[in-house]
Amino acid sequence: MGFGGRVVIVTGAGNGLGKAYALYMASRGARVVVNDLGGAVDGSGGGSRAADAVVDTIRAAGGTAVASYDSVEHGDRIVASALAAFGRVDAVVANAGILRDTSFAKMTDAEWDAVYAVHTRGTFSVVRAAWPHMRQQGYGRVVLVSSSTGLYGNFGQANYGAAKGAALGLAAALAIEGRRRGVLVNTISPIAASRMTEDVMPAELLEALQPEAVAPVVAYLCHDSCRHSGRVVEVGAGWAAGVRWERSKGATSFARAAGGALRDESTPEAVAAAWPAVGDFAGASHPDSTQSAFEPMLAARALVDASLRGDAGVGAATGDK
Ligand code: NAI
C-alpha cells in the first residue's frame with residue numbers, strides 16, 4: 001500500500017506517536033508536513049528542533065517532507081504550509097497533544113484552557129482549514145486522536161478526558177458531513193510508550209508498547225484503500241479493536257395506576273422500578289445514528305399510547321412489569 005505522493009499533515013509529529021506516523025507514511029511514499037511547535041509535555045516552550053529532526057530523517061531516507069512549527073491553534077498556517085510546499089492536502093492526522101494533569105478539585109482555569117486549546121480547539125482549527133480542500137477534490141482522510149481517558153475516564157485527567165471525548169463527538173459529526181465528498185473521518189485511541197506515558201507506565205509495559213506498532217493502523221486509515229468512516233479504534237502493541245456504543249433494550253418508565261393500568265406520566269418511583277431493565281444489557285443493540293437513538297423512544301411511546309387506549313394485549317409489551 002503505497003501513498004503515491006499523497007500529502008499528509010501530521011500534527012505533533014516531532015515526538016512519540018506523531019513522529020512514528022510521519023516516518024512510516026513517508027517511507028510509503030507520502031509527502032509529509034511534519035508539524036510540531038516543539039514544546040514540553042505540558043505545552044510550555046517551543047522550538048524548531050523536534051520537527052526539523054523528523055524532516056531530516058525522512059529526507060535522509062529518500063522521502064519528502066517539510067516542517068511546520070505553528071501551534072495547531074493556527075491550523076490555517078499549517079494547511080498553508082502543505083499547499084505552499086505540495087499544492088494539496090489529502091490527509092490530516094490531528095495528533096498534537098499536551099497534558100496538564102491534576103485532580104478536578106485542584107484544577108485551575110489555565111490547566112483546563114491549555115488542554116482544551118491544543119486538543120479540541122487545535123483539532124478543530126487544523127481540520128477545518130483542510131476541510132474545504134478535501135471536499136473540493138472529493139477526497140480526504142482524517143484521523144482524530146482520542147484516548148482511553150476520553151473513553152473510560154482517568155483520575156487527574158478531567159481536562160484531558162473532556163478534550164479526548166470531544167474528539168469522538170467531532171469525528172462522529174464529520175464522518176456524516178464528509179462522506180458524500182469522499183472525506184472519511186476515523187478516531188483512534190492509541191497506547192504507546194512516549195514522553196507522555198513514561199512516568200505513568202512500568203518499564204516492561206513501555207517496552208511492549210512502541211509507537212511504531214500504532215503507525216500502520218494510522219497509515220491504513222489515511223490510505224486510499226480505506227473505505228471506513230466514523231470508526232473508533234483502540235490500538236497498541238500491534239493490536240487493534242473497534243469500539244462502539246451499546247444500548248440496553250430499555251424500559252418504559254411510565255407509572256402504573258393501582259390495578260396495573262399505565263398512567264400517562266413518568267415518576268421517579270416508576271423510574272426506580274424500571275431501573276434494573278434500563279441497566280440490563282441482555283439483548284442490547286448498537287445504535288450508530290441519531291435516528292437510531294430516538295426510534296425506540298417513539299416505539300415505546302406508541303406502545304404506551306396503545307396501552308392507554310386499551311388496545312388488546314398491548315400493555316404487556318411496554319417492557320415494564
Ligand atoms: P508526545 O508528547 O510524545 O507528542 C506530542 C507532540 O505534540 C509533541 O511533539 C508536542 O511538541 C506536540 N504539540 C503539543 N502541543 C502542540 C501544538 N499546540 N501544536 C503543535 N504541536 C504540539 O505525546 P504522544 O504520546 O506521542 O501523544 C500523541 C497523541 O496521542 C496525543 O494527542 C495524545 O493525547 C495521544 N495519546 C497518547 C497515548 C499514549 O499512550 N502515548 C494514549 C492516548 C492518547
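What counts and how
Residues numbered from 1 in each chain as written. Predicted model: local features only at pLDDT ≥ 70, side-chain atom pairs only at ≥ 80, totals over all residues. Helix = DSSP H or I, 4+ residues; strand = E, 2+ residues; numbered from the N terminus. Buried ≥ 20, exposed ≤ 12 C-beta atoms within 10 Å, placed from the backbone. Contact = placed C-beta atoms within 7 Å. Pairing = 2+ DSSP bridges. Axes fitted to C-alpha atoms, helices over the stretch in contact; angles between N-to-C directions. Near = placed C-beta within 6 Å. Nonpolar A, V, L, I, M, F, W, Y, C, P; charged D, E, K, R; others polar. pLDDT = per-residue confidence, 0-100. Expected span 1.5 Å × (residues − 1). Bend = angle between axes of the 7 residues up to and from the residue. Parallel < 35°, antiparallel > 145°, perpendicular 65-115°, else oblique. Left-handed = near helix turned anticlockwise from the far one by under 90°. Domains from an automatic or database assignment. Core = buried A, V, L, I, M, F, W, Y, C linked by C-beta atoms within 7 Å. UniProt positions renumbered as here; feature names shortened; annotations may be inferred.

Going by the annotation in an unreviewed UniProt entry, the name recorded for the protein is Ketoreductase domain-containing protein, with Cafeteria roenbergensis given as the source organism.

### With respect to the overall build of the protein
Within the protein, the secondary structure is distributed over ten helices and ten strands. In terms of its C-alpha atoms, the protein occupies a principal-axis envelope of roughly 80 × 45 × 35 Å. Taking all 321 residues of the protein together, 41% fall into the buried category. The contacts in the protein between residues at least 6 apart in sequence include a share of 67% that link residues at least 24 apart.

### Side note on the pairing of strand β4 (residues 91-94)
With burial as the criterion, each face of β4 is covered, one bearing Ala91 and Val93 and the other bearing Val92 and Ala94. Pairing of strand β1 (residues 7-11) with β4 involves three bridges; the strand directions are parallel. Bridge pairing in β4 links Ile9 to Val92. Relative to strand β5 (residues 140-145), β4 is paired through four bridges, and the arrangement is parallel.

### Some points on the sheet that holds strand β7 (residues 232-236)
Sheets are built from strands that pair by backbone hydrogen bonding, the pairs being arranged parallel or antiparallel. Taken together, eight strands build an open sheet; the order of strands is β3-β2-β1-β4-β5-β6-β7-β8 and the sheet is mixed. Every interior strand has two partners, whereas the edge strands, β3 (64-68) and β8 (239-243), have only one. Sheet twist, expressed as the average angle between the axes of neighbouring strands with direction ignored, equals 20°. The pairing of strand β6 (residues 183-190) with β7 spans four bridges and is parallel. Each residue of the ladder has a partner; that of Thr187, found in β7, is Val232. Sitting on the sheet, helix α2 (residues 49-60) touches β2 (31-35) and β3, and the angle it makes with β3 is about 175°.

### Thoughts on the site of the ligand
In the neighbourhood of the ligand, 33 residues make up the surrounding shell, with Gly12, Asn15, Gly16, Gly97 and Ser194 lying closest. Sorting elements by how many residues they give to the shell around the ligand places helix α1 (residues 16-27) first, with three residues. Classifying every residue of the shell around the ligand by side-chain character gives 13 nonpolar, 17 polar and three charged.

### Quick look at the confidence of the model for the protein
Averaged over every residue, the pLDDT of the protein is 93; residues scoring 70 or more account for 97%. With pLDDT under 50 throughout, residues 315-321 is counted as low confidence; its partners more than four residues away or in other chains account for 18 contacts. Taken over the whole predicted complex, pTM reads 0.94, whereas the ipTM for its chain interfaces reads 0.99.

### Some remarks on helix α4 (residues 109-137)
Spanning 29 residues, α4 covers 41 Å between terminal C-alpha atoms, matching the ideal 42 Å at 1.5 Å per step. The axis of α4 is deflected most strongly, by about 40°, at Ala117. Within α4, burial applies to Val115, Val118, His119, Gly122, Thr123, Ser125, Val126, Val127, Ala129, Ala130, Trp131 and Met134. Each element contacted by the buried residues of α4 is listed here: β1, α3 (75-86), β4, β5, α6 (158-178) and β6.

### Remarks on unusual backbone geometry
Phi angles above zero are rare outside glycine, and Ala237 is one such case at about 55°. Residue placement: Ala237 occurs in the loop between β7 and β8.

### Describing the packing of α3 against α4
α4 packs onto α3 with a crossing angle of 45° between their chain directions and a minimal axis gap of 7 Å. As summarised for this structure, α3 and α4 are arranged oblique, according to the angle between their axes. The two elements α3 and α4 meet at a crossing, and its hand is right-handed. Between α3, through Gly75, Asp76, Ile78 and Val79, and α4, the contact on the second element is made entirely by Ser125, Val126, Arg128, Ala129 and Ala130. Of the residues assigned to the contact of α3 with α4, the class counts are five nonpolar, two polar and two charged.

### Some words on the domain arrangement of the protein
Each assigned domain of the protein is listed here: domain 1 (7-243) and domain 2 (254-318). Here the C-alpha centroids of domain 1 and domain 2 sit 43 Å apart.

### Let's talk about the nonpolar core
One finds Tyr21, Ala22, Met25, Val32, Val34 and Val218 to be the most contacted residues of the largest nonpolar core, which totals 76 residues. Contacts of Val32, omitting those with residues within four sequence positions, involve Val8, Val10, Ala22, Met25, Ala26, Ile58 and Ala65.

### A word on the environment of Arg301
Looking at the element boundaries, Arg301 is found in helix α10 (residues 290-309). C-beta crowding within 10 Å serves as the criterion here: with 14 such atoms nearby, Arg301 is assigned to the partly exposed category. Linking Arg301 and Thr120, residues 181 residues apart in sequence, is a C-alpha distance of 37 Å.

### Focus on the UniProt feature "domain: Ketoreductase" (unreviewed entry) in the protein
With numbering matched to this structure, UniProt assigns "domain: Ketoreductase" (unreviewed entry) to residues 6-199. The annotated region residues 6-199 carries 47% helix and 17% strand content, and the separation between its end C-alpha atoms amounts to 36 Å.

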